[in-house]
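# Architecture and fold: a report
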Amino acid sequence: MQHVVFGAGLIGGYLAGAMTDKGLDVSMVARPAVQEKLADGLRLTDYQDHAAEINQVTFISDKQLGDAPQSRACDFLWLTVKCTAVESALDELPALVGPNTVIFCVQNGLGSDKAVKEKFPHNTVMRAMVVFNVAEPSAGHLHRGSEGYLWIEELADCPDIARDLATNINSPLLPTRSCDHMQALLWAKLQLNLANAVNALADIPVKEMLEDRDYRRVIAMLMRELLVVCKAKNIELPAVANLPGRLIPIFIALPDFVFKRVGQKMIAIDPTVRASMWWDLSAGKTTEVDYLNGAVVREGEALGLQSSANKRLVEMIHAAERGQLARGISGKDLIASFVGHSSPLSYP
Ligand SMILES: NC(=O)C1=CN([C@@H]2O[C@H](COP(=O)(O)OP(=O)(O)OC[C@H]3O[C@@H](n4cnc5c(N)ncnc54)[C@H](OP(=O)(O)O)[C@@H]3O)[C@@H](O)[C@H]2O)C=CC1
Ligand SMILES: CC(C)(CO)C(=O)C(=O)O
């Protein structure tokens, strides 16, 4: 069975490396700079001290991508680009997609699979979701910094694709499971990712952010809006962070002295970890905020619900993307900006 990982960044590189280490046949589509960086191979490690050296990685060249449609059709295509890059990647996929190719959309947030399903209406397109964090401590070294599974969606009419694949891929470096409730799982992960925007604006590591009650109160506000939308949609959130989704906002808003005592597991996170939106903003890239906080706003509006804190955060991130809002914003200033917009933060 041939796997192609399209978009060898943090998640794509880690998945490709771990699957190669498991003995699967994996090729990658990567930017020239990434190909150069990985010319001597790839090193994987994780927070539990598992490690693997992948001495050789196989790339598919731009020229091969330009070959006739289906000429390099694979069995499983893992689309691991950011939400914002999915649409432009679609034009480069035809050589890799045959009638039996199963395509996995491995993005955070909601909606990245829509354009893929439209482009390949006759293929099986499934969602996959990564709960853990991946960072690159040095060039060619990818590190899984937190717990959590790679989840693969079990489709009602062909659940065995996901079940068999999860068994084949599962390894200590890449714990993998399949599930029949992907939509609820995506919302549960989205709940956690609402904090990405706060992390990007705070401009500090995730651990430091979680140790500050003001940031936690902002995150709790964003999460409560998501819970209102989930309730209206009848979505019961599964626990992806050792706690049922509905309890997370209550828990994280606790005073520091209680949170630090009972929240050890939540803050037992590598002190260097930063949310992916922080990396995007730092690199001057367009962020995924429209697929995260923006998705809550949209889904809420469709039901007549207002999600004003998430809406405000979306506006702030877009202002930061345009260079019109300086980062390093304190939790207090963020809270003030929600309450009557009376904060010292100002931007067009
Ligand atoms: N990083 C993490 O810890 C986690 C990330 N996620 C989610 O996983 C998804 C992927 O994130 P992540 O791996 O961090 O993102 P990255 O930006 O690290 O990786 C995406 C890679 O795809 C490349 N790419 C984009 N378009 C193309 C193209 N047309 N051809 C070739 N390469 C392309 C990008 O290059 P370039 O930048 O040059 O465009 C980049 O190298 C996101 O939705 C993210 O939210 C989920 C859980 C954790
Ligand atoms: C795992 C988590 C929440 C980590 O920061 C993430 O999904 C991200 O950075 O986008």
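What counts, and where the lines are drawn
- Residues numbered from 1 in each chain as written.
- Chains lettered and ligands numbered in written order.
- Predicted model: local features only at pLDDT ≥ 70, side-chain atom pairs only at ≥ 80, totals over all residues.
- Heavy atoms only, no water.
- UniProt positions renumbered as here; feature names shortened; annotations may be inferred.
- Salt bridge = Lys/Arg side-chain N within 4 Å of Asp/Glu carboxyl O.
- Helix = DSSP H or I, 4+ residues; strand = E, 2+ residues; numbered from the N terminus.
- Buried < 20%, exposed > 50% of the residue type's maximum accessible area, 1.4 Å probe, protein only.
- Pairing = 2+ DSSP bridges.
- Domains from an automatic or database assignment.
- Contact = heavy atoms within 4.5 Å.
- Buried area = accessible area lost by both parts, 1.4 Å probe.
- Polar contact = N/O pair within 3.5 Å; in protein donor to acceptor, adjacent residues only side chain to side chain.
- Nonpolar A, V, L, I, M, F, W, Y, C, P; charged D, E, K, R; others polar.
- Axes fitted to C-alpha atoms, helices over the stretch in contact; angles between N-to-C directions.
- Near = heavy atom within 4 Å.
- Areas by Shrake-Rupley, 256 points an atom, 1.4 Å probe, with all protein chains shown as cover.
- Phe/Tyr/Trp six-rings, centres within 6.5 Å; stacked < 30°, edge-to-face > 60°.
- Lys NZ or Arg CZ within 6 Å of the ring centre and 35° of its normal.

Identification of the chain as 2-dehydropantoate 2-reductase from Congregibacter variabilis is taken from an unreviewed UniProt entry. We quote the UniProt Pathway (unreviewed entry) comment for the chain here in full: "Cofactor biosynthesis; (R)-pantothenate biosynthesis; (R)-pantoate from 3-methyl-2-oxobutanoate: step 2/2." Its UniProt record, at the heading Catalytic activity (unreviewed entry), says of the chain: "(R)-pantoate + NADP(+) = 2-dehydropantoate + NADPH + H(+)".

When charged atoms on two side chains of opposite charge get close, those side chains can pair. Scanning the model with the defined rule gives 18 salt bridges in all. In this structure, E299 and K233 form a salt bridge, with 2.8 Å as the shortest nitrogen-oxygen distance. Of this pair, E299 sits in helix α14 (residues 293-302) while K233 sits in the loop between α9 (213-232) and α10 (248-252), and the two are 66 residues apart along the sequence. Judged by its relative accessible area of 27%, E299 is partly exposed. On the accessibility criterion, K233 (33% relative accessible area) is partly exposed. Here the residues in one salt-bridge network are E154, D160 and R163, joined through shared partners.

Once that is clear, we can look at the sheet that holds strand β5 (residues 58-59). Taking strand neighbours across the sheet as the criterion, the 8 strands line up as β5-β2-β1-β6-β7-β8-β11-β12 in an open arrangement whose pairing is mixed. Each edge of the open sheet carries a strand with a single partner, namely β5 and β12 (176-179). Where strand β1 (residues 2-6) and strand β6 (residues 76-79) come together, 4 bridges link them in parallel fashion. By the bridge assignment for β6, F6 is matched with L79.

In this section: the domain arrangement of the chain. A common way to report how large an interface is uses the accessible area buried once the components associate. If you check the domain split of the chain, you get domain 1 (2-180) and domain 2 (190-338). Domain 1 and domain 2 are separated by 26 Å when their C-alpha centres are compared. Listed per partner, the contact involves 12 residues of domain 1 and 17 residues of domain 2. Interface area for domain 1 against domain 2, summed over the two sides, is near 1300 Å², with a carbon-plus-sulfur share of 57%. It is K82, N108 and L110 in domain 1 that bury the most area against domain 2; as a group they hold 37% of the surface buried on that side. Connecting domain 1 to domain 2 are 1 salt bridge. In this structure, K82 engages D280 in a salt bridge whose closest nitrogen and oxygen atoms are separated by 2.9 Å. Our count for the contact surface shared by domain 1 and domain 2 stands at 4 residue pairs in polar contact (both at pLDDT 80 or more). Residue composition of the side of domain 1 that touches domain 2, by class: 3 nonpolar, 7 polar and 2 charged.

This part covers the sheet that holds strand β10 (residues 141-144). Consider a sheet: its strands pair through backbone hydrogen bonds, and that pairing is either parallel or antiparallel. In spatial order, the strands read β4-β3-β10-β9; together these 4 strands make up an open sheet with mixed pairing. Only two strands of the sheet have a single neighbouring strand rather than two, namely β4 (51-54) and β9 (134-138). Here the strands of the sheet are splayed against their neighbours by 25 degrees on average, with no regard to which way each runs. Relative to β10, strand β3 (residues 42-46) runs parallel, the two being bridged by 4 bridges. By the bridge assignment for β10, L44 is matched with L142. Taken strand by strand, helix α1 (residues 10-21) contacts β3, β4, β9 and β10, and its axis lies near 95 degrees from that of β3.

With that out of the way, let us pick up the site of ligand 2. Around ligand 2 sit N108, V131, F132, N133, K189, N193, N196, A275 and S276, and those are all the residues in its vicinity. At 2.9 Å from an oxygen atom of ligand 2 is found a side-chain nitrogen or oxygen belonging to N193. Relative to its unbound accessible area of 280 Å², ligand 2 is 85% covered by the protein chains. Of the residues contributing to the shell around ligand 2, the split by class is 3 nonpolar, 5 polar and 1 charged. Taken together, domain 1 (2-180) and domain 2 (190-338) each give at least three residues to the shell around ligand 2, which thus spans both.

Once that is clear, we can look at the side chain of H318. Considering the arrangement of structural elements, one finds H318 in helix α15 (residues 308-321). Here E321 takes part through its side chain, which lies 2.7 Å from a polar atom of the side chain of H318. Non-local contacts of H318, meaning those with residues more than four positions away in its chain, are made with V289 and D290.

On inspection of all chains with the given rule, the structure shows 6 aromatic pairs. Ring geometry for Y149 against W151: centres 5.4 Å apart, planes inclined by 75 degrees, an arrangement best described as edge-to-face. Following the ring pairs from residue to residue traces out a cluster consisting of F76, W78 and F104. One cation-aromatic arrangement involves R144 over F132; the distance from NZ or CZ to the ring centre is 5.5 Å.

UniProt's entry tags residues 4-155 with the feature "domain: Ketopantoate reductase N-terminal" (unreviewed entry), counted in the numbering of this structure. Between the C-alpha atoms that bound residues 4-155 there is a distance of 21 Å. The span itself is 22% helix and 31% strand.

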